[in-house]
Amino acid sequence: MKARIIVTLKTGVLDPQGKAIEAALTSFGLTGIDGVRQGKVFDVEIAGDDRAAAEATLKSACEKLLANTVVENYAIEIA
């Protein structure tokens, strides 16, 4: 089974890396970009076919390591 975990900063959390990316895009002459928020994507392969167990494992991975839940949200997509 394949899964994707998307980690993003919570609304209201400052994103200096996003601001730097926004400034760089503007310096390349790109117009119309009104804001950039940076995040992380993890593609994970899970053994077995128990969807509920996979989701529980991935949630545990997010809570323990992949996301700082104080300042980040995460979403799990299982294919």
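The structure under discussion appears in the preceding block.
Here we summarise the structure given alongside this text. Only a predicted model underlies this, so the values are computations on that prediction, with no experimental measurement involved.

Our focus in this paragraph is the side chain of aspartate 15. Checked against the element boundaries, aspartate 15 lands in the loop between strand 1 (2-9) and helix 1 (16-27). At 2.9 Å, the side chain of aspartate 15 forms a polar contact with the backbone nitrogen of glycine 18. If we skip the residues at most four places from it in the chain, aspartate 15 touches Leu9, Val36, Arg37 and Gln38.

Tallying each qualifying case throughout the model produces 3 salt bridges. Residue lysine 19 is joined to glutamate 22 by a salt bridge in which the shortest nitrogen-to-oxygen separation is 3.9 Å. Within this pair, lysine 19 and its partner glutamate 22 are both found in helix 1, separated by 3 residues, close to a single helical turn. Take lysine 19: its relative accessible area is 56%, and that puts it in the exposed class. Here glutamate 22 falls in the buried class, since its relative accessible area comes to 16%. Note that lysine 40 and glutamate 72 form a salt bridge whose closest N and O atoms lie 3.4 Å from each other. Here glutamate 72 lies in strand 3 (residues 72-78) and lysine 40 lies in strand 2 (residues 39-45), a separation of 32 residues in the sequence. A relative accessible area of 13% places glutamate 72 in the buried class.

As a further point, take the sheet that holds strand 3. Strand order across the open sheet formed by 3 strands is 2-1-3, with antiparallel pairing between neighbours. Either end of the sheet is taken by a strand with one partner, and the two such strands are strand 2 and strand 3. Averaged over all pairs of adjacent strands, the angle between strand axes in this sheet comes to 15°, irrespective of strand direction. For strand 1 and strand 3, the ladder comprises 7 bridges, and the chain directions are antiparallel. Its bridge partner being in strand 3, isoleucine 5 is matched across the sheet by isoleucine 76. Here helix 2 (residues 51-66) sits on the sheet in contact with strand 1, strand 2 and strand 3, set at roughly 155° to strand 3.

What follows is about helix 1. With 12 residues, helix 1 ought to run about 16 Å at 1.5 Å a step, and its terminal C-alpha atoms sit 16 Å apart, in line with that. The positive-phi residue at the C-terminal boundary of helix 1 is glycine 29, with phi of around 90°.

Definitions and limits used
- Residues numbered from 1 in each chain as written.
- Predicted model: local features only at pLDDT ≥ 70, side-chain atom pairs only at ≥ 80, totals over all residues.
- Heavy atoms only, no water.
- Helix = DSSP H or I, 4+ residues; strand = E, 2+ residues; numbered from the N terminus.
- Polar contact = N/O pair within 3.5 Å; in protein donor to acceptor, adjacent residues only side chain to side chain.
- Contact = heavy atoms within 4.5 Å.
- Salt bridge = Lys/Arg side-chain N within 4 Å of Asp/Glu carboxyl O.
- Buried < 20%, exposed > 50% of the residue type's maximum accessible area, 1.4 Å probe, protein only.
- Pairing = 2+ DSSP bridges.
- Axes fitted to C-alpha atoms, helices over the stretch in contact; angles between N-to-C directions.
- Expected span 1.5 Å × (residues − 1).

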